[in-house]
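Observations on chain architecture
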Amino acid sequence: MNAGVVTVLIAMLGGAIRVSTPFMFVAVGECLTEKSGRVNLGLEGTLVLGAMVAYAISYHTGSPWAGVLAAGIAGSALGAMHGSICSLPRVNDVAVGIAMMLFGTGVAFFFGKPYIQPTAPRLTSIPFGGFSDDLNLRSALDINPLFFVGIAVAVIMAWAFANTRWGLIVRTVGDSAPAARAMGISVDLVRFLSTTVGGFLAGVGGAFLSLSYPGSWNQGLSSGQGLMAVALVIFARWSPLRCVLAALLFGAAGALGPALQSVGVTQGYYFFNAAPYILTLALMIASSSATRSARDMPGELSMAK
Amino acid sequence: MSATGFSRRTLLKSAALGAAGAALDLGAMGRAFAAADLTVGIVYVGARDDFGWNQAHAVAAEALKLVPGVKVVEEENVPETDACAKTMESMINLDGAGLILATSFGYYTPFVVDMAKKYPDVQFRHAAPLWNKDKDPKNAGSYFGYLNQAHYVDGVAAGLSTTSNKLGFVAAKPISSVLSNINSFMLGARKTNPKAIVQVIFTGDWSLPVREAESANALVDAGCDVITCHVDSPKVVIETAEKRGVKSCGHNASQAPLAPKGFITGAEYKWATIYKGYAADIAAGNPLPNFLIGGYESDFVQNTPFGAGATEAAKAAANGAIADMKNKVPIYVGPLKDNKTGKVVIDKTYGNLDPYLDNMNYLLEGVVGSIT
C-alpha cells in the first residue's frame, strides 16, 4: 500500500477512537431514555454543561476523574429536570428538550467564563501502540479509558434490555404505557430515572470533550455533537450496540476530510468534510425498511404516534 | 453578559445618585464628568479570553483603559444580528459612548451603517476594510491590520525549525485574508528554506474545535513538524501540536503559554496602536481617520515573543524579517505562480499594502492545498 493510503487509514482509525467517545455516551444515554418512551433533545446542552463542569472540577481538585464524576452528576441534574417537567400533564418532551438545551448551554457559558484561560489536568490515555514503530499508529492507539467504559456501558445495557426485569420494565413503559400501568409500574418514575441516567451518560461524554479530546474548554467546543448523537440513536434503531458502531463510523468518517487534505487530496474538501452526514444518509436509505423500523421503534415515542 | 448588565445597572444607579446629589454639590458632578472625557464602547462577537481574535481586541482595550480620560465599556458574545445594533444603541444612550468599536466582520452591514446614520454625533469604527467613501456615513469607518506580515515572519522562523521541510497550516475558510496569510507564511519559509512546502487543511468554518484538532493530528501524521493556523481560536490547534511533540506558530493573540516546549512565535494584531490613536485624536479635537490600514510599518501587527521552540538561528532570521517589514520590504516579489495551473498570478512585485493583493483568490506554488 502506498504511504498516502496508510496515512489516511491510520487517521481514520485514530479519528474513530478519538472522536467517537462523546457520540457514544450521548447516543447510549439517549437510547435508554428513548427506550422508555421519551425523547430528550436537551442532551446538546447536557454535553456542553458536562464539559464545563468536568473542566472546572478538574481544575479545582486536580483530579480529572472527579471532574468526570461531577460532569455526570451535572448531567443527571439536567436529565432529572427534563424527566420531572415531562411528568406534568400535557407537556411535550421535544419542546422541553429544546428548552433544556438552551438552558444547559446558557448555564455552561455563564459559569464557564473563568475557565477558558486556565489549564486543567486532563485524563491520561493508555498507550496500546507499543508494538509498532510507527509513531502515527502509536499516537492513534493512545486510547482514553472512557472509550472502553462507553463500550462496556453499551454492552451491559444491551444485555440488560434483553435479560433483566429492569430491562423489561423500561421496554414495556416505552412500548405501551397502558400495559405498564396495568402491570402496576409507575410510568413516570421509570421515565424519570431513564432520563436521569441518560443525562448522566451525556454529561460524562461532555467530560471527554473537555478533558481528553480536543481537551480544552471553550464555548464552541460541542458545535452540535449532542444533537448529532441524538440523531444517531434513530440511525442505530434503538440498539445500544448499534449506537457504538454508529459512533465509530461517524468518528472515522469525520477524520476523512482532514486526512485526505493532509496527503494532498485537496479538491472538494467541503464534500469530504460532509462525509459523516453523507454516509449516514446513504446507510439509512440502504438499510431502511418500513416493517423493521416499526418493530424497533418504542411505541410510546411521540414520533411513533 | 451579566457583568455588563451589572455595570450598566450600577452606572444608572450612580447617575441617579449623581442627579440627586447635584442639587447639593455641583462641584462633584463637574469632577465626575471630567474624569471620563471619552467613553469607548467595544463590541465582541465571542469571549474576551478566547486565545484568539477577541482576546487580541480585549488586550488592546486594557491598554486603552490606561489612557487618562478614557472610559471603556465592553460587551462580549454579541451575535452578528440585530443584537449588536441594540448593544451599540445602549452603549450610546446609557453609557454615553462617543466612539463605538465594532470588532466582528458581520457587524458592519447593515448594523454599524444604520447606527452611524441614526447617531451622527457618535463615531463608529469597524475592524475590517469595508468602509466605502462614496456610500457610507462619514462618522463610520474601518481599521485593519495586515497580519500576513507577521505570518511572513512566522514562516521565516518556521523554515529554519523544520527537519521534514513540511509545514502544516490549519485554515478556516479560503477567503482572501486567510489565503494571504498562508501564502505569506510559505514565502517566509521559502526565504530561509527553499525546500519548504506548506500543507494546508481547510476546516470549513471559523470555530470547529474537534475538526481543528483532527486537522492538526492529520498534518502531523503526514509528516509536518511545524503547525500554524488561521481559525478564530487557535487554542486547540496549538495544544494538539504540543501534545504531538511538534513545534507551532500562533495566530491572532499570544498562545505562548499553551505550548511551553514547542512554541516558536506567533502572528498577533496590535490593535492598541489604533485604539490609542483614536483616543488621542479625539482628545486633541482632530477628526478620526475613516480608513486606517497598516502592518508592521504602522505598528499595527507584531510577533509573539519567542518561545522555547525557537532556535537562535530562527530568532535572528525572524528579527531580520521584522526589520524588513518595518522598512516596507515587499513580501510578494513577482512573478509568482499559483499552485494549481502554474499560471502567473502575481505579475510583478507589489508593495505590502497594495490593493491588488486584497483580492487574492489563489494559493501560490509551494503551498499544497486547494481552495475549492
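Computed from a predicted structure; not experimentally measured.

**Considering the overall build of chain B**
Scanning chain B for helices and strands turns up 11 helices and 15 strands. Computed over its C-alpha atoms, the radius of gyration of chain B comes to 22 Å, within 12% of the 21 Å expected for a compact globule of 372 residues. A principal-axis box enclosing the C-alpha atoms of chain B has dimensions of 75 × 45 × 35 Å. Burial status across chain B gives 56% buried among its 372 residues. Contacts in chain B between residues at least 24 apart in sequence constitute 67% of all its contacts with a sequence separation of at least 6. Approximately 14,400 Å² of chain B is accessible, and the part contributed by carbon and sulfur atoms is 59%. Separation between the mean location of the 34 positive side-chain charges and that of the 36 negative ones in chain B comes to 2 Å.

**A few points about the state of the cysteines**
Residue and element names in this part refer to chain A. If you walk through the whole model with that rule in mind, you get 0 disulfides over all chains. No disulfide involves Cys 31; its sulfur sits 4.3 Å from that of Cys 243, the nearest cysteine. On the basis of relative accessible area, Cys 31 is assigned to the buried category, the value being 0%.

**What about helix 7 (residues 176–192) of chain B?**
Residue and element names in this part refer to chain B. In this model helix 7 runs 25 Å from its N-terminal to its C-terminal C-alpha over 17 residues, within 8% of the 24 Å that 1.5 Å per residue would give. With 12 of its 17 residues buried, helix 7 lies for the most part within the structure. All buried positions along helix 7 are accounted for by Val 178, Leu 179, Ser 180, Asn 181, Ile 182, Asn 183, Ser 184, Phe 185, Met 186, Leu 187, Gly 188 and Ala 189.

**Some remarks on the packing of helix 3 (residues 64–86) of chain A against helix 4 (residues 93–112) of chain A**
How two helices sit against one another is set out by the angle between their axes and by the gap between those axes. Residue and element names in this part refer to chain A. The interhelical angle for the contact between helix 3 and helix 4, taken along N-to-C directions, is 150°, at an axis separation of 10 Å. The pairing of helix 3 with helix 4 is recorded here as roughly antiparallel in orientation. Between helix 3 and helix 4 lies a crossing of right-handed hand. Facing Leu 78, Met 81, His 82, Ile 85 and Cys 86 of helix 3, the residues of helix 4 in contact are Asp 93, Val 96, Gly 97, Met 100, Phe 103 and Gly 104. In terms of residue class, the contact of helix 3 with helix 4 is made up of 7 nonpolar, 3 polar and 1 charged.

**Considerations on the domain arrangement of chain B**
By a widely used convention, the size of an interface equals the accessible area lost when the partners come together. Residues and elements named next belong to chain B. Assigned domains of chain B: these are domain 1 (2–146 + 271–298) and domain 2 (148–268 + 304–368). Distance from the C-alpha centre of domain 1 to the C-alpha centre of domain 2: 32 Å. Every contact between the two is made by 12 residues of domain 1 and, on the other side, 21 residues of domain 2. For the pairing of domain 1 and domain 2, the buried interface totals around 1,400 Å² over both sides, and the portion due to carbon and sulfur atoms is 64%. Of all residues in domain 1, Phe 51, Tyr 146 and Tyr 296 bury the most surface against domain 2, accounting for 58% of the area lost on that side. At the junction of domain 1 and domain 2, the tally comes to 0 salt bridges. Joining domain 1 to domain 2, the criterion identifies 7 residue pairs in polar contact (both at pLDDT 80 or more). Sorting the residues of the side of domain 1 that touches domain 2 by element identifies helix 3 (53–65) and strand 11 (291–294) as the ones contributing at least two each. Ranked by the residues each element gives to the side of domain 1 that touches domain 2, the list is headed by helix 3, at 3 residues. Of the residues contributing to the side of domain 1 that touches domain 2, the split by class is 6 nonpolar, 4 polar and 2 charged.

**Focus: the sheet that holds strand 7 (residues 197–202) of chain B**
In sheet architecture, strand pairing relies on hydrogen bonds along the backbone and comes in two forms, parallel and antiparallel. Residues and elements named next belong to chain B. With respect to topology, 7 strands assemble into an open sheet ordered 12-10-9-8-6-7-15, the strand pairing being mixed. The outermost strands of the open sheet, each flanked by one partner alone, are strand 12 (301–303) and strand 15 (367–368). As judged from the 6 bridges shared by strand 6 (residues 166–171) and strand 7, these two strands associate in the parallel manner. Looking at strand 7, one finds that Gly 168 is bridged to Gln 199.

**A closer look at unusual backbone geometry**
Cis peptide bonds are those with omega within 30 degrees of zero, and the linkage from A:Tyr213 to A:Pro214 qualifies with 0°. For the bond running from B:Gly334 to B:Pro335, omega is -5°, close enough to zero to count as cis. Counting through the fold element by element, B:Pro335 comes out in the loop between helix 11 (312–326) and strand 13 (336–337). Even without being a glycine, B:Asn77 presents a positive backbone phi close to 55°.

What counts and how
Residues numbered from 1 in each chain as written. Chains lettered and ligands numbered in written order. Predicted model: local features only at pLDDT ≥ 70, side-chain atom pairs only at ≥ 80, totals over all residues. Heavy atoms only, no water. Helix = DSSP H or I, 4+ residues; strand = E, 2+ residues; numbered from the N terminus. Rg over C-alpha atoms; globule rule 2.2 N^0.38 Å. Buried < 20%, exposed > 50% of the residue type's maximum accessible area, 1.4 Å probe, protein only. Contact = heavy atoms within 4.5 Å. Areas by Shrake-Rupley, 256 points an atom, 1.4 Å probe, with all protein chains shown as cover. Lys, Arg positive; Asp, Glu negative; His and termini not counted. Charge placed at Lys NZ, Arg CZ, Asp CG, Glu CD. Disulfide = S-S within 2.5 Å. Expected span 1.5 Å × (residues − 1). Axes fitted to C-alpha atoms, helices over the stretch in contact; angles between N-to-C directions. Parallel < 35°, antiparallel > 145°, perpendicular 65-115°, else oblique. Left-handed = near helix turned anticlockwise from the far one by under 90°. Nonpolar A, V, L, I, M, F, W, Y, C, P; charged D, E, K, R; others polar. Domains from an automatic or database assignment. Buried area = accessible area lost by both parts, 1.4 Å probe. Salt bridge = Lys/Arg side-chain N within 4 Å of Asp/Glu carboxyl O. Polar contact = N/O pair within 3.5 Å; in protein donor to acceptor, adjacent residues only side chain to side chain. Pairing = 2+ DSSP bridges.

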